[in-house]
Amino acid sequence: MPELPEVETTRRGIAPHLQDQRVDAVTVRQPRLRWPIPADLAQRLKGQTILAVKRRAKYLLLETAKGHLLIHLGMSGSLRILSAGTPAQKHDHLDLVLANGRLLRLTDPRRFGAVLWCEGEPLAHELLRSLGPEPLGSEFDPEHLYRATRGRKIPIKQCIMDNKVVVGVGNIYASESLFLAGIRPGIAAGRLSRARIETLHGCIRQVLAAAIEQGGTTLRDFVGGDGKPGYFAQQLNVYGREGEPCRVCGTAIRQIVQGQRSSWYCPHCQH
DNA sequence: CCCGATTCCTGTAGGC
DNA sequence: TGCCTACAGGAATCGG
């Protein structure tokens, strides 16, 4: 499930293969994703050279002189670099055939992902415009998180998963950050002290940075641009570990449901 | 504005 | 073995 570390891992994997490459052909097999792939995508993109591969939140931005291709991996999407001519399989929805004889292929069984074309400033696109700060950027500082939590009654876990507060923190890393910070997921965001918010801020950055270093988390089928899985799953302390012993104190990890999402925590280490 | 519920989709796991 | 159901999840959107 691509959260920010998986998207960043993907970006790093595919960028060297796409940089300065011309798109010779575009194949759309299944346009019905989260939103339809634009019918005129091939016409817009064909012949364009990819100038840069950037990321904002969980969106990948392929820059060309005419516009940007925005790609979101949803929860089951992955992008891979393959040899042109590699047979397509089920759920292979989009290919960009490159001048160097390779192709960029989007696979997404659950089709929660998106592929959109954007002319003009991509950060002004309606889907990107009102996103919160990057968790690893300087704009996301303790003071920002403190202000964003004041007066809010929602559980802190749901608060840090809110894209307007900070982007890129999904279910896995929210649970893991709260474990490291020693904070129970159900506590009202606004009731946390400044000191605890500062701790949490540091833990969010620490967890995301470590996950990127490990190439992301592969639970089922995530692979980077090179087809390899990520290794952060080995370092998960609470996510998906209901009933298993806490790695710190041995107490059984608990699972609760918040906002239609599972959360896990250690009842001894987190308060 | 704030918050909770619903929605999209399909592979997988668990129950019988 | 096979059918059926529940569940997973990012994030927009709707309703209160």
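Residues numbered from 1 in each chain as written. Chains lettered and ligands numbered in written order. Predicted model: local features only at pLDDT ≥ 70, side-chain atom pairs only at ≥ 80, totals over all residues. Heavy atoms only, no water.

Once that is clear, we can look at the overall build of chain A. From N to C terminus, chain A includes seven helices and 10 strands. Scaling as 2.2 N^0.38, a compact globule of 271 residues should have a C-alpha radius of gyration of about 18 Å, and chain A matches this with 20 Å. Summarising its shape, the C-alpha atoms of chain A cover approximately 55 × 35 × 30 Å along the three principal directions. Looking at chain A residue by residue over its 271 residues, the buried ones come to 51%. Accessible surface for chain A amounts to roughly 12,400 Å². Of this, 47% is attributable to carbon and sulfur atoms. Averaging the coordinates of the 37 positive side-chain charges in chain A and doing the same for the 25 negative ones gives two points 5 Å apart. (Helix = DSSP H or I, 4+ residues; strand = E, 2+ residues; numbered from the N terminus. Rg over C-alpha atoms; globule rule 2.2 N^0.38 Å. Buried < 20%, exposed > 50% of the residue type's maximum accessible area, 1.4 Å probe, protein only. Areas by Shrake-Rupley, 256 points an atom, 1.4 Å probe, with all protein chains shown as cover. Lys, Arg positive; Asp, Glu negative; His and termini not counted. Charge placed at Lys NZ, Arg CZ, Asp CG, Glu CD.)

Note that strand β9 (residues 254-258) and strand β10 (residues 261-265) share five bridges and pair antiparallel. Paired with Gln 255 across the strands is Trp 264, a residue of β10. As consecutive antiparallel partners, β9 and β10 are separated by two residues, and within that stretch Gly 259 has a phi angle of approximately 50°, a positive value. (Pairing = 2+ DSSP bridges.)

Right, let's get into the protein's contact with DNA strand B. Around DNA strand B lies a shell of 13 residues, among which His 91, Pro 109, Arg 111, Arg 152 and Lys 153 are the nearest. A share of 65% is what sugar and phosphate atoms reach among the atoms of DNA strand B within 4 Å of the protein. Residue Arg 111 places a side-chain N or O atom 2.5 Å away from a phosphate oxygen belonging to DNA strand B. At a separation of 2.9 Å, a phosphate oxygen of DNA strand B approaches a polar backbone atom of Lys 153. (Near = heavy atom within 4 Å. Polar contact = N/O pair within 3.5 Å; in protein donor to acceptor, adjacent residues only side chain to side chain.)

The next point concerns the sheet that holds strand β5 (residues 78-83). Strands sit in the order β1-β6-β7-β5 across an open sheet of four strands; the sheet is antiparallel. Unpaired on one side and paired on the other, β1 (23-28) and β5 mark the two borders of the sheet. Recorded for the sheet is a direction-independent mean angle of 20° between the axes of neighbouring strands. Where β1 meets strand β6 (residues 92-98), five bridges bridge the pair, whose relative direction is antiparallel. (Axes fitted to C-alpha atoms, helices over the stretch in contact; angles between N-to-C directions.)

So, on to the sheet that holds strand β4 (residues 68-72). Spatial strand order, β2-β3-β4-β8: four strands in an open sheet with antiparallel pairing. Either end of the sheet is taken by a strand with one partner, and the two such strands are β2 (52-56) and β8 (114-118). For this sheet, the mean inter-axis angle between neighbouring strands, taken without regard to orientation, is 20°. Of the strand pairs in this sheet, β4 and β8 are connected by five bridges, and their pairing is antiparallel. Across the sheet, the residue bridging to Ile 71 is Val 115, located in β8. Along the sheet, helix α1 (residues 4-18) contacts β2 and β3 (59-63); its crossing angle with β2, the most-contacted strand, is approximately 170°. (Contact = heavy atoms within 4.5 Å.)

So, on to the packing of aromatic side chains. Under the counting rule described, the total for this entry stands at one aromatic pair. Directly above the ring of Trp 35 sits Arg 34, whose terminal nitrogen or CZ lies 4.6 Å from the centroid. Its guanidinium or amino end placed over the ring of Tyr 146, Arg 194 lies 4.0 Å from that ring's centre, counting from NZ or CZ. (Phe/Tyr/Trp six-rings, centres within 6.5 Å; stacked < 30°, edge-to-face > 60°. Lys NZ or Arg CZ within 6 Å of the ring centre and 35° of its normal.)

Looking at DNA strand C, there are 18 residues lining it, with Arg 34, His 72, Met 75, Arg 110 and Tyr 239 nearest. In DNA strand C, atoms within 4 Å of the protein come 58% from sugar and phosphate. Between a phosphate oxygen of DNA strand C and a side-chain N or O atom of His 72, the distance comes to 2.4 Å. In this structure, Asn 163 approaches DNA strand C through a side-chain N or O atom, which is 3.5 Å from a phosphate oxygen.

Where a protein is soluble and globular, its nonpolar side chains tend to be buried together. One finds Leu 145, Ile 156, Ile 160, Val 169, Leu 200 and Ile 204 to be the most contacted residues of the largest nonpolar core, which totals 33 residues. For this core, the secondary structure elements donating two or more residues are α4 (142-149), α5 (156-160), α6 (171-181) and α7 (194-213). Sort the elements by how many residues they give to this core and α7 lands first, with seven residues. If sequence neighbours within four positions are ignored, Val 169 has contacts with Glu 3, Lys 58, Ile 160, Met 161, Ala 174, Ile 204 and Leu 208. (Core = buried A, V, L, I, M, F, W, Y, C linked by side-chain atoms within 4.5 Å.)

Looking now at the domain arrangement of chain A. Under the domain assignment, chain A is made up of domain 1 (4-129) and domain 2 (142-265). The gap between the C-alpha centroids of domain 1 and domain 2 is 28 Å. (Domains from an automatic or database assignment.)

Attention now moves to the side chain of Asp 95. Mapped onto the fold, Asp 95 is located in strand β6. Residue Asp 95 is classed as buried on the basis of its relative accessible area of 3%. Here the side chain of Asp 95 touches Arg 29 through a polar contact of 2.6 Å, side chain to side chain. Polar contacts involving the side chain of Asp 95 include one to the side chain of Arg 105, which spans 2.8 Å.

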